[in-house]
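Tertiary structure, described
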Amino acid sequence: MNNFLEMRKITKQFNDNVVLDQVDFCAGKGQVHALIGENGAGKSTLMKILAGLHMPDSGDILIEGSKVAINSPKQAQELGIAMIYQEIRLFPDLNITENVYIRREPMKNPRWCKLIDWEKAYEDTQKYLDYFGLKLNPRRPVNTLGMGQQKFVEIIKAVSQNANIIIMDEPTAALTDHEIDILFKVIGDLKKLGVTIIYISHRLEEIKRIADQVTVIRDGKVIQSCSIDEVDINGIIKAMAGKELEDRYPKLKVKLGKEQLRVEGLSYGGKLKDISFSIKKGEILGITGLSGSGRRTLTKVLCGFEGPYEGSLYINGKLFKSITPHMAKLNGLCFVTGIGTSEGLITNAPIQENVTITNMERVSKLGFIERTTEAEAAKDLIERLEIMASENEIVNNLSGGNQKKVIFAKWLFANAKILFIEEPTAGIDIGSKVDIYNIINELVTSGASVVMISSDLSEIVGMCDRVMVMYNGEARGIFNKGEVSQEDILYYASGGRG
Amino acid sequence: MKEKNIIAKKEFNLKSFFFQWEWMLVLLFVVINIINTFLSPYYLDPKKLLDATMTFLDKAFIVLPMVFVIILADIDISVASTVALSAVVMAVSYNLGVPMALAIIICLLVGTLCGFLNGLLIVKFKELSAVIVTLSTMIIYRGIAYIILEDQASGKFPAWYKFLGWGYVGGIPFILIVFAVFAVVFGLLLHKTTFGRRVYAMGNNITASRFSGIQVDKIKVIVFTLTGFMSAVTALFLTSRMGSTRPNVASGYELDVIAMVVLGGISSTGGKGKLTGAIISIFLIGFLRYGLGLKNVPAQALLIIIGLLLIFAVMIPNLKFNFKKWGKVQKTS
């Protein structure tokens, strides 16, 4: 096979830790090459080497058969390599075009005047938007777009740099099924243009759908590299984790108790319209919908981060006409955010301090923190949630899965009774996913209720007792487990009516 | 494997302990004292050094809460105006017949109120940054002081009030003792209590703090109120030492105070730094000024030296970083 990109015997060490050990990786022109492995397997490091963020200790990179040196992200960009990160890296207050052409705006003649040719920039952006079938105005500010649309802006940015190798790190983590369909169409178009796509994902169904080639990495070594037709999903899971996974959704049957939360006719500033639902002790309620459907806003309103709202909120039978984050916390409500690093964690503080932040009174006397009690409490939770680090490890140094567990730990520490868990397993590996589901199971068996806000439909169907589907700020229906399929949910989420 | 990591970490901590900015400051402090001793034979006299502290400790009271403000990644530039306003209100009310003890309480109340107002404006109008809010109140507070007293001095305080700025207890300046007490209280508050922990958390990541249920607005208001209160404490000692007050007192104090905090290793990006660093830098700048004063070095030259020290303070952590990076590149190539 003719390889457009070839990475040969790449080795990389951080301190004493060998992250990549003689890794070979090849990708053909116009192909989608899936790169999979558990968190910490080394796939991100490999891609960061390709994108010029890290330098390999040894090994060569060849493009079209000739050796290239990539010492900086700029050099990678010049070689036509673009990386689309898991977390969106756009300037929220700038518009689509300004984001696409940032730092390389087309100039008017004479060029030394340094005047930007915005006409051309907008025209070109419009062309790309049209090509990918996106009905968006190139002058629209990025912060008014949904997560999925922002992802497409990043893709357009990469394509407009004439990138011929695009690395996508978990592109679908924050997307809904409908947006994923559009993304896959875009990827198909890119393939036709001869762009090589390296696709990092944990979602194996997706890989089966779009990838041509698969490479599995475990512990810094390539375990398997073959064509997609030659593998089956269970084979990949086995290759990734080194073990067979019995059940992907270990849902337990929990006896439901009395009602803990009731929402009646809740509206908020045109973003939420007349929403009613309730949740019982021991229950898992799923809330799903496309991005921009209001599921996140609903959570933020109920936890007191946005407001004021109209309508009634009852917590354990007590009526709340308005709520602040502090009141929500005191009444056992908590928001386990899906955006861990910016909303959930103090990243340069140790695990211990992150865990106790929600309820410091528990480890202090007269306002003075008792560090040994605090460490004990953190150790307990670390053990209970199987976090792979000691309590004084800085959170920044943890893998995505462990960071997620720390966010859970801090709310377990606060004895939260009604947990709003946003995208509980986005961007983490299958092994950690099951861990997270087990934590959720433990929560509901111990008498908490969980509201799971997720765009992963199989997770919603697999784990929830009931599902509420949202569209455009409205609740389009609440369904019991077993009464609804992923296709039905998608139908309601895209605006269909029952 | 895990065991090994923990041990390695401990060694690393010991090493980094001696490379802390606070030790650099101690070193700098010692160097300055040695230089001063060589420059002037009068310098190294314990009695005189103690007396010297009386001349610069007045503004040190504001340094303590300013550390909290800067850890929050905010700033308060209205402190000098708060000093002036609370001093002026105290002097005027005393001269209108209010008993001195009550006038002192009024002074503290005015300062506290000024700080509270700053805090309230900052949390209520999220569009306005702390710089803009306190820049406005800086002008307003000073303006009120001028309206109350016009361009005059007010004083004639009772004799016992002089004790604050000039008195000794067991041979130690009273102001030094009061400062030591406040320093311990603020040190405990910042490093040992839940309040301090929350301040650090907010400085590191205000969104995550909010999402963790920390009452971020309340804490911000408390910190700014404390700053106002301590500005009034400065007003008390400053007025006592000067014997009278004018609407233009303490001008430039806000910059001195912020300079001391930054030199103390408290990062203006928030979330980092220790109170000890700021306290060392108070004495560092104080003794530097005293020593150079003995040699009749003009005050302007001193300003240049402090400016250079500040650049040095901000640069050093970055220099270290670059050096590390450079080392790594050398290794890989």
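Residues numbered from 1 in each chain as written. Chains lettered and ligands numbered in written order. Predicted model: local features only at pLDDT ≥ 70, side-chain atom pairs only at ≥ 80, totals over all residues. Heavy atoms only, no water.

**Here we look at the domain arrangement of chain A**
Residues and elements named next belong to chain A. Each assigned domain of chain A is listed with its residue range as follows: domain 1 (3–241) and domain 2 (259–493). Its C-alpha centre places domain 1 at a distance of 31 Å from the equivalent point of domain 2. Contact residues are listed per partner, giving 19 residues for domain 1 and 19 residues for domain 2. Summing both sides of the interface, domain 1 and domain 2 together bury roughly 1,400 Å²; the carbon and sulfur share of this comes to 52%. Inspection of the domain 1/domain 2 interface yields 0 salt bridges. Remark: the boundary between domain 1 and domain 2 carries 0 residue pairs in polar contact (both at pLDDT 80 or more). Elements represented by at least two residues in the side of domain 1 that touches domain 2 include exactly α5 (147–160) and α6 (177–192). Looking at the side of domain 1 that touches domain 2 element by element, the count peaks at 3 residues for α6. For the side of domain 1 that touches domain 2, a count of residues per class yields 6 nonpolar, 7 polar and 6 charged. (Domains from an automatic or database assignment. Contact = heavy atoms within 4.5 Å. Buried area = accessible area lost by both parts, 1.4 Å probe. Salt bridge = Lys/Arg side-chain N within 4 Å of Asp/Glu carboxyl O. Polar contact = N/O pair within 3.5 Å; in protein donor to acceptor, adjacent residues only side chain to side chain. Helix = DSSP H or I, 4+ residues; strand = E, 2+ residues; numbered from the N terminus. Nonpolar A, V, L, I, M, F, W, Y, C, P; charged D, E, K, R; others polar.)

**Observations concerning unusual backbone geometry**
Residue and element names in this part refer to chain A. Each neighbour pair has its own omega, and for asparagine 109 with proline 110 the value is -10 degrees, a cis peptide bond. Mapped onto the elements, proline 110 comes out in the loop between α3 (96–100) and α4 (118–131). Going from glycine 307 to proline 308, the amide bond is cis rather than trans, its omega being 0 degrees. Backbone geometry at lysine 9 places phi at a positive 45 degrees, although glycine is not the residue there. Assignment of secondary structure puts lysine 9 in strand β1 (residues 3–14). Residue lysine 9 is classed as partly exposed on the basis of its relative accessible area of 47%. Positive phi outside glycine occurs at leucine 366, with the angle close to 55 degrees. Turning to its location among the elements, leucine 366 is positioned in the loop between β17 (364–365) and β18 (368–369). (Buried < 20%, exposed > 50% of the residue type's maximum accessible area, 1.4 Å probe, protein only.)

**Here we look at the interface of chain B and chain A**
The interface of chain B with chain A comprises 22 residues on the first partner and 34 residues on the second. Taking both sides of the interface into account, the surface hidden between chain B and chain A amounts to around 2,300 Å²; carbon and sulfur atoms contribute 55%. In this structure, the connection of chain B to chain A is made through 3 salt bridges. A salt bridge links glutamate 353 of chain A to arginine 197 of chain B; the nearest nitrogen and oxygen atoms lie 3.8 Å apart. Counting across the chain B and chain A interface gives 11 residue pairs in polar contact (both at pLDDT 80 or more). Put simply, the parts of the chain that give the side of chain B that touches chain A at least two residues each are α1 (2–18), α8 (174–192), α9 (194–204) and α10 (206–211) of chain B. Class assignment for the residues of the side of chain B that touches chain A results in 6 nonpolar, 10 polar and 6 charged.

**Digging into the sheet that holds strand β11 (residues 259–268) of chain A**
Residues and elements named next belong to chain A. Strand order across the open sheet formed by 4 strands is β12-β11-β14-β15, with antiparallel pairing between neighbours. Edge positions in the open sheet fall to β12 (272–280) and β15 (318–320), since each of these has one partner strand only. Between one strand and the next, the sheet's axes are offset by a mean angle of 15 degrees, whatever the strand orientation. (Pairing = 2+ DSSP bridges. Axes fitted to C-alpha atoms, helices over the stretch in contact; angles between N-to-C directions.)

**Observations concerning the pairing of β11 of chain A**
All names here are of chain A. With 6 bridges joining them, β11 and β12 adopt antiparallel strand pairing. From the neighbouring strand, tyrosine 268 faces β12, where its bridge partner is leucine 272. The antiparallel hairpin formed by β11 and β12 contains 3 residues in its connecting segment, where glycine 269 sits at a positive phi of about 40 degrees. The pairing of β11 with strand β14 (residues 310–315) spans 5 bridges and is classified as antiparallel. Paired with arginine 262 across the bridge in β14 is tyrosine 314.

**Side note on the sheet that holds strand β20 (residues 449–453) of chain A**
Residue and element names in this part refer to chain A. Strand order in this open sheet of 6 strands is β16-β19-β20-β13-β21-β22, and the pairing throughout is mixed. Two strands in the sheet have a free side with no partner beyond their single neighbour: β16 (333–336) and β22 (474–480). Neighbouring strand axes in the sheet, compared pairwise and without regard to direction, differ in orientation by 20 degrees on average. The pairing of strand β13 (residues 284–289) with β20 spans 4 bridges and is classified as parallel. Bridging across to β20, leucine 285 finds its partner in valine 451. Its contacts with the sheet put helix α14 (residues 400–413) on β16 and β19 (418–422), and the angle it makes with β16 is roughly 170 degrees. Against the sheet, helix α17 (residues 486–493) touches β13, β21 (466–471) and β22, its axis set at about 30 degrees to β21.

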